[in-house]
Amino acid sequence: MVKCIIFDCDGVLVDTEKIGNGILLSMAAELGFEMKLEDAYRDFNGRNLKECFQEIEKGIGKKLPENFESDYRERSFAAFKTQVKPMEGIVSFLENLKIPYCVASSGPVDKIRLNLEVAGLLNKFENKIYSAYEINSWKPDPGIFLHAAKEMGFDVEDCVVIEDSKAGVMAGVRGGFTVYGFANGYNNTDLEQEGAILFNTYGELSALLKL
């Protein structure tokens, strides 16, 4: 029986992946980097931002400008403040949950809180927000999920992880969790290959978890 649900944030609770990836690819393209949006979903989602920057640097054969990260943060935060929406079905799913849950993300706490607030979900996750930046451990390392389970007071086998990225699924599986992968059309094969149980809607997830 599932006793606790650990959610990733971007692409699972809030619809941000298109916004963030779009801005990143646009900025990188100005420096000569080319990547399709669907490839960014697969390669960048769930990873430490600095690792994504390293991939861009490899592609252009030089270091990114010193202000690249601060410019990206500024542009993306401005977009998030007006464009972020909750993932379809998540509000009713959370309202019907009768077990504890939390969010564990690779993003900084202020980004997690901003996105949850704009999407109208922050009140549902107060005091249940865990960031990889707090423990200096990023997916695909399982540290953030193990930390979240411990802080919530549950053993690994009592928890499930909800993810939409390859790195996130890898982290959950490596940590010993059962992982459910939110399929978006771009990630289906990658998530399934890494060991996730796929679902397409929150109604489907509710049935899978028998909640």
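Here the structure is a predicted model, which is why all the values come from computation and not from measurement.

Definitions and limits used
- Numbers given for residues are sequential positions, taken from 1 along each chain in its written order.
- The model is predicted, so local features are restricted to residues of pLDDT at least 70 and side-chain atom pairs to those at 80 or more, both for listing and for counting; the totals for chains, interfaces and linings are taken over all residues.
- To get the side-chain values, take all heavy atoms of the structure and skip hydrogens and water.
- Note on pairing: DSSP must find at least two bridges between two strands before they are called paired.
- Numbered from the N terminus, helices here are DSSP runs of H or I no shorter than four residues, and strands are runs of E no shorter than two.
- For helices, the axis comes from a line fit to the C-alpha atoms of the stretch in contact; other axes are also lines fit to C-alpha atoms, and the angle between any two N-to-C directions lies between 0 and 180 degrees.
- Within 6.5 Å between ring centres, the rings of Phe, Tyr and Trp (the latter by its six-membered ring) count as paired, and their orientation is classed by plane angle as stacked under 30 degrees, edge-to-face over 60, tilted in between.
- Categorising residues by exposure relies on relative accessible area from a 1.4 Å probe, with only protein chains included: less than 20% of the type maximum marks a residue as buried, more than 50% marks it as exposed, and the intermediate range marks it as partly exposed.
- When the NZ atom of lysine or the CZ atom of arginine is within 6 Å of a ring's centre and also within 35 degrees of its normal, the charge is said to sit over that ring.
- Helix crossings are classified by the rotation of the near helix relative to the far one: an anticlockwise turn of less than a right angle makes the crossing left-handed, while a clockwise turn makes it right-handed.
- Every residue pair with non-hydrogen atoms within 4.5 Å of one another is taken to be in contact.
- All amino acids are sorted into three groups, where Ala, Val, Leu, Ile, Met, Phe, Trp, Tyr, Cys and Pro are nonpolar, Asp, Glu, Lys and Arg are charged, and the leftover types, Gly among them, are polar.
- Crossover handedness is defined by viewing with both strands directed away from the observer: a clockwise path from the first strand over the helix to the second marks the crossover as right-handed.
- The term salt bridge refers to a pairing of a side-chain nitrogen on Lys or Arg with a carboxyl oxygen on Asp or Glu at a separation within 4 Å.

With that settled, the discussion passes to the sheet that holds strand β4 (residues 159–163). Paired through their backbone hydrogen bonds, the strands of a sheet run either parallel or antiparallel. Here we have six strands laid out as an open sheet, ordered β3-β2-β1-β4-β5-β6, and parallel in their pairing. Edge positions in the open sheet fall to β3 (129–131) and β6 (197–199), since each of these has one partner strand only. On average, each strand axis in the sheet is inclined to that of its neighbour by 25°, with strand direction left out of account. In this structure, strand β1 (residues 4–7) lies alongside β4, joined through four bridges in parallel fashion. Following the sheet pairing, Phe7 is matched in β4 by Ile162.

The relative placement of two aromatic rings is captured by the distance of their centres and the angle of their planes. One pass over the structure, following the stated rule, counts 12 aromatic pairs. Relative to Tyr202, the ring of Phe93 has its centre 5.1 Å away and its plane inclined at 45°; by these criteria the two rings are tilted. Remark: Tyr202 occurs in helix α12 (residues 202–209) and Phe93 occurs in helix α5 (residues 90–96); sequence separation between them is 109 residues. A relative accessible area of 3% places Tyr202 in the buried class. Within the aromatic cluster, the residues linked to one another by ring pairs are Phe7, Phe93, Tyr101, Phe125, Phe182, Phe199 and Tyr202. We note Lys128 situated over the ring of Tyr101; from NZ or CZ to the ring centre the distance is 3.8 Å.

Right, let's talk about the packing of helix α1 (residues 17–29) against helix α4 (residues 68–83) for a bit. The contact between α1 and α4 brings their axes to 10 Å, and the two run at 145°. Handedness of the crossing formed by α1 with α4: right-handed. Facing Ile19, Gly20, Ile23, Leu24, Met27 and Ala28 of α1, the residues of α4 in contact are Phe68, Asp71, Tyr72, Arg75, Ser76, Ala79, Phe80 and Gln83. By residue class, the composition of the contact of α1 with α4 is nine nonpolar, three polar and two charged.

For β4, a buried count of five out of five residues is recorded, marking the element as mostly surrounded by other parts of the structure. Going residue by residue along β4, you find Cys159, Val161 and Glu163 tucked away on one face and Val160 and Ile162 tucked away on the opposite face as well. Looking at chain direction, β4 and strand β5 (residues 178–182) are connected through four bridges and run parallel. Note that in β5 the partner of Ile162 across the bridge is Tyr180. Following the chain from β4 across helix α10 (residues 166–174) to the adjacent parallel β5, one finds a crossover that is right-handed.

Looking now at the pattern of salt bridges. Counted according to the given criterion, the structure contains 10 salt bridges. A salt bridge links Lys111 to Asp10; the nearest nitrogen and oxygen atoms lie 2.4 Å apart. In this pair, Lys111 sits in helix α6 (residues 109–118) while Asp10 sits in the loop between β1 and α1, placing the two residues 101 residues apart along the sequence. For the pair Lys111 and Asp10, one class covers both residues: buried. The partner of Lys139 in a salt bridge is Glu163, with the nearest N and O atoms 2.7 Å apart. One end of the pair, Lys139, is in the loop between α8 (132–135) and α9 (143–152); the other, Glu163, is in strand β4, and 24 residues separate them in sequence.

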